Amino acid sequence: MFCFQCQETAKNTGCTLRGMCGKPEETANLQDLLLFVLRGMAVYGEKLKELGQADRSNDDFVLKGLFATITNANWADSRFVALVEEGMARREQLRAAFLAAFKAKNGKEFDGTLPDEATWKGSAADFAAKAKGVGVLRTENEDVRSLREMLIIGLKGIAAYAEHAAVLGFHKAEIDDFMFEAMASTTKELSVDEMVALVMKAGSMAVAAMALLDEANTTTYGHPEITQVNIGVGKNPGILISGHDLKDMDELLKQTEGSGVDVYTHGEMLPANYYPVFKKYAHFVGNYGGSWWHQNSEFQSFNGPVLLTTNCLVPLRKEHTYLDRLYTTGVVGYDGATHIADRPAGGSKDFSALIARAKSCPPPTELESGTIVGGFGHNQVLALADKVVEAVKSGAIKRFIVMAGCDGRHKTRNYYTEVAENLPKDTVILTAGCAKFRYNKLNLGDIGGIPRVLDAGQCNDSYSLAVIALKLKEVFGLESVNDLPLSFDIAWYEQKAVAVLLALLSLGVKGIRLGPTLPGFLSPGVAKVLVEKFNIKPITTAPEDIAAMMAGQ
Ligand code: SF4
Ligand code: SF3
């Protein structure tokens, strides 16, 4: 195996024996094989489009396939085998459609060359052997490999966001077309400039995907609003829901209403508490615990069923006894956990098994009490715009620090707590994603009623932060967001954060601090380009970085 897609990658180079995340070699190889098959589908999808016969019937499958390979999402090999088999069947259909379309147009059989991805055939018995040779290391040149993989890694994040939007009925053809274009490109010999252009295009597609998801979420569930979220527990048994899928949240709340079972969020589902449509449920108690990497102990002490709708799911160790109350759905899978099937067309997922299980469980063990505040999506912040602008003009707010992104278990991430704690009191932190759990319970106070930590929501709600920055630029009559009193100190872990990073670059943001390490998938040559073109810099120490950011560097 060779995997370097997340921030935890071994020695910041690549996991080769077993993932630092716990991913076994067989699973890593099956993920590579799934990507291989998706590339084969993309080859034909792109060719059909060139012939004016674009086929939209595979778009959702491609999103799902890419999403399934994201860090800490699916641990069940059987689900990857099923996806590979379905992908091969779909590829064959696309191949037949292409060959027929080619003949109809040219009056002769297609006699061009096709990459291995488009022609390899084998049954499940052949997968393990084939999977060994189709991964990241198939590309020998390290700069080409770095650019190809940065594109695919960003694509996985884009796919995750586009998939959430698709579930709510929102699609955008240009995003789906780009999936095919980008994957097919990695089977071709392209120039460095062409590959860099595709990576930049991935950034603008990440903006488009986050905008689409923002539209999907806010149209369906209303705009997030300022909310005090309870972090204590009630006396009823509960169901804990984690991940990013709001439709699962919606259906779970509907099905648990009046059942005597309460609902709590964990990790990236915390922002569901900010949506008007969800807040109205009396049995939606609040948020339990912190970010994803605390889940082993927090799922244990929750005592009731836990539903994982997306990443991040951490493998259980021997001492954990909650496997029989662990439920997965969507792209998530875990051997031994119960998988809730996809919703039938026009219907809902069936969460009755969780509800029945919850009724036999004790209520959650209290971890903490009180509230945390959030709900500062673009609509809410723009409603406060006069107050914010006034605070900047009067000097009450000197600088905004965007600290969005992911959390992770490595202790170097204490840096983010230290930065938040030690930033001058006239700064405001803008955040989104699970990175906030490093500082959202610190009581950093407020500036004239504006909390010093403004949480926009999930990682995809980083889009909100971009909208807010662009609005501030407009209000202050500036040429560029880089002229605002605004610094970026981003934490990354998995592939959605890479999509967010590429989105920020495509919006022209320069001077981003990125940590706890620069991505291992950047070759020295590609890292140099990013530094020269965008002034991306690694984090140093909290005091040094605070001083530099306050000096506008
Ligand atoms: Fe390693 Fe991250 Fe890949 Fe897991 S997802 S195998 S930790 S690089
Ligand atoms: Fe977190 Fe996995 Fe990335 Fe959505 S839940 S931000 S790490």
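The coordinates are above.
The following paragraphs examine the structure supplied in this document. A quick note: this is a predicted structure, and the numbers were derived from the prediction, not measured.

## Topic: the site of ligand 2
Consideration 1: Lining the immediate environment of ligand 2, one finds His-244, Glu-268, Trp-292, Asn-311, Cys-312, Cys-406, Cys-434, Cys-459, Tyr-493 and Glu-494.
Consideration 2: In terms of residue class, the shell around ligand 2 is made up of six nonpolar, two polar and two charged.

## Description of the site of ligand 1
Consideration 1: In the region of ligand 1, the neighbouring residues are Met-1, Cys-3, Phe-4, Gln-5, Cys-6, Thr-9, Cys-15, Gly-19, Met-20, Cys-21, Lys-23 and Thr-71.
Consideration 2: In terms of residue class, the shell around ligand 1 is made up of seven nonpolar, four polar and one charged.

## Concerning the pattern of salt bridges
Consideration 1: This structure, assessed with the given rule, holds 29 salt bridges.
Consideration 2: Salt-bridge contacts for Arg-91 lead to Glu-92; the nearest nitrogen and oxygen are separated by 2.8 Å.
Consideration 3: Between Arg-357 and Asp-324 there is a salt bridge, and its shortest N-O distance comes to 2.8 Å. Highlighted residues: Arg-357 in helix H12 (residues 352-359) and Asp-324 in the loop between strand S5 (306-308) and strand S6 (326-329), separated in sequence by 33 residues.
Consideration 4: Take Arg-357: its relative accessible area is 23%, and that puts it in the partly exposed class.
Consideration 5: Connected via shared salt-bridge partners are Lys-49, Arg-56, Asp-59 and Asp-177.

## Observations regarding the pairing of strand S2 (residues 238-242)
Consideration 1: With five of its five residues buried, S2 lies for the most part within the structure.
Consideration 2: Looking at chain direction, S2 and strand S3 (residues 262-265) are connected through four bridges and run parallel. The residue bridging Ile-241 from the neighbouring strand is Thr-265, located in S3.
Consideration 3: After leaving S2, the chain enters helix H9 (residues 246-256) and then returns to the sheet as S3, a path that is right-handed.
Consideration 4: Bridge analysis of S2 against S5 gives three bridges, and the strand direction is parallel. Within S5, the position partnered with Ser-242 by the bridge is Leu-308.

The rules behind these values
- Residues numbered from 1 in each chain as written.
- Chains lettered and ligands numbered in written order.
- Predicted model: local features only at pLDDT ≥ 70, side-chain atom pairs only at ≥ 80, totals over all residues.
- Heavy atoms only, no water.
- Near = heavy atom within 4 Å.
- Nonpolar A, V, L, I, M, F, W, Y, C, P; charged D, E, K, R; others polar.
- Salt bridge = Lys/Arg side-chain N within 4 Å of Asp/Glu carboxyl O.
- Helix = DSSP H or I, 4+ residues; strand = E, 2+ residues; numbered from the N terminus.
- Buried < 20%, exposed > 50% of the residue type's maximum accessible area, 1.4 Å probe, protein only.
- Pairing = 2+ DSSP bridges.
- Right-handed = clockwise from strand over helix to strand, strands pointing away.

It is worth stressing that arrangement in space is one thing and function is another; only the former is reported here.
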